[in-house]
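The lines below spell out each chain.
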Amino acid sequence: MNTEKNNLYAAPLDGDWVTSSYSTTNGDACVRLMKIDGGVALDDSKSPHREPLRYTTAELDAFIRAAKAGEFDHLVEG
């Protein structure tokens, strides 16, 4: 793992989790994000025993741009 990623995984999770307004109200589809030093942490609220994944700001930006462009639409039923 490179230094940038090591730094992300060393960053404390001491902020507030943000849950999408598109998550279900009963909590069975909650992906949460938290701003951390150097990027964001991504968490599945249904699996609190798992360590959140961490992404650089550039990685999250690339993902969001691709999602907005519809690159992942074929992966979701609906």
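Preceding block: the structure.
Presented here is an overview of the structure given in this document. (Residues numbered from 1 in each chain as written. Predicted model: local features only at pLDDT ≥ 70, side-chain atom pairs only at ≥ 80, totals over all residues. Heavy atoms only, no water.)

We now examine the pattern of salt bridges. The tally for this structure, following the rule as stated, stands at five salt bridges. Of the charged contacts, one joins Asp-61 and Arg-65 as a salt bridge, the two residues approaching to 2.9 Å between their closest N and O atoms. Taken together, the residues Asp-61 and Arg-65, both in helix α2 (residues 57-68) and four residues apart, mark about one turn of the helix. Relative accessible area serves as the criterion here: at 36%, Asp-61 is assigned to the partly exposed category. Using a relative accessible area of 58% as the deciding quantity, one classes Arg-65 as exposed. (Salt bridge = Lys/Arg side-chain N within 4 Å of Asp/Glu carboxyl O. Helix = DSSP H or I, 4+ residues; strand = E, 2+ residues; numbered from the N terminus. Buried < 20%, exposed > 50% of the residue type's maximum accessible area, 1.4 Å probe, protein only.)

Turning our eyes to something else, we now look at the packing of aromatic side chains. A ring pair, where both rings are aromatic, is described by two values, the distance of the centres and the angle of the planes. Within the structure shown, the criterion is met by one aromatic pair. Plain terms: the ring middles of Phe-63 and Phe-72 are 5.1 Å apart, the flat faces sit at 20 degrees to each other, and that makes the pair stacked. A relative accessible area of 28% places Phe-72 in the partly exposed class. (Phe/Tyr/Trp six-rings, centres within 6.5 Å; stacked < 30°, edge-to-face > 60°.)

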